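# Results of the structural survey
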Amino acid sequence: MKTNRNEPCLCGSGKKHKNCCGSKRFQTSVENRYIRWIISGIVSLFLILTVWSIVEYFTTEHPEMEAYKCDNPQCNRIHYRAVSQSN
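Residues numbered from 1 in each chain as written. Predicted model: local features only at pLDDT ≥ 70, side-chain atom pairs only at ≥ 80, totals over all residues. Heavy atoms only, no water.

The number of helices and strands found in the protein chain is 2 helices and 2 strands. Counting from the amino terminus, the protein chain carries its helices and strands in the arrangement α-α-β-β. Within the protein chain, the fraction of its 87 residues that count as buried is 6%. Partitioning the intrachain contacts of the protein chain with sequence separation of at least 6 by distance along the chain shows that 0% fall at a separation of at least 24. When the accessible surface of the protein chain is split by element, carbon and sulfur atoms take 58% of a total near 8,600 Å². (Helix = DSSP H or I, 4+ residues; strand = E, 2+ residues; numbered from the N terminus. Buried < 20%, exposed > 50% of the residue type's maximum accessible area, 1.4 Å probe, protein only. Contact = heavy atoms within 4.5 Å. Areas by Shrake-Rupley, 256 points an atom, 1.4 Å probe, with all protein chains shown as cover.)

Following this line, the structure appears as structure tokens:
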């Protein structure tokens, strides 16, 4: 049997269910707070590392790459190598 929020509480306190036992359903325990803290710390660390790696990638020099066909007759792929400085 489901209790309506505005009905009197079943524990006999005389209060409405939403102000008595109904509000206990949404209270967090100490263990849940620790778990939420740990999860939020892990997510924050992941986001910080992601942003740091993106910044690191765009601030470093990357050599220009050129496509070339492999000399191996059985290899039908295109490979990439750094552009060589020829005079």
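Here the narrative resumes.
Applying the stated criterion across every chain yields a total of 1 salt bridge. Residues Arg81 and Glu66 are paired through a salt bridge, measuring 3.0 Å at the closest nitrogen-oxygen approach. Of this pair, Arg81 sits in strand β2 (residues 78–82) while Glu66 sits in strand β1 (residues 65–69), and the two are 15 residues apart along the sequence. (Salt bridge = Lys/Arg side-chain N within 4 Å of Asp/Glu carboxyl O.)

So, on to the environment of Thr3. Within the secondary structure layout, Thr3 lies in the segment before α1 (21–24). Residue Thr3 is classed as partly exposed on the basis of its relative accessible area of 22%. Taking the C-alpha atoms as reference, Thr3 lies 7.7 Å from His17; in sequence the two are 14 residues apart. With residues up to four places along the chain from it excluded, the contact list for Thr3 reads Leu10 and His17.

Okay, a nonpolar patch on the surface next. A surface patch of nonpolar side chains, about 500 Å² in accessible area, is lined by Ile35, Ile39, Val43, Phe46 and Leu47. For Val43, the position within the fold is in helix α2 (residues 30–59). By relative accessible area, which is 43% here, Val43 ends up partly exposed. (Patch = residues over 30% accessible without salt bridge, like charges linked within 9 Å, V, L, I, M, F, W, Y side chains within 5 Å.)

Attention shifts here to the packing of aromatic side chains. Tallied over the full model, the rule gives 1 aromatic pair. Positioned above the aromatic ring of Tyr68, the side-chain terminus of Arg81 is 4.1 Å from the ring centre. (Phe/Tyr/Trp six-rings, centres within 6.5 Å; stacked < 30°, edge-to-face > 60°. Lys NZ or Arg CZ within 6 Å of the ring centre and 35° of its normal.)

Note on placement: Ser84 falls in the segment after β2. Along the chain, Ser84 and Met65 lie 19 residues apart, while their C-alpha atoms are 9.1 Å from each other.

Turning to the confidence of the model for the protein chain, a few remarks are in order. Looking at the protein chain, pLDDT values average 83 and 89% of them are 70 or higher. α1 is the least confidently modelled element of the protein chain, averaging 66 in pLDDT, while α2 averages 92, the highest of any element. (pLDDT = per-residue confidence, 0-100.)

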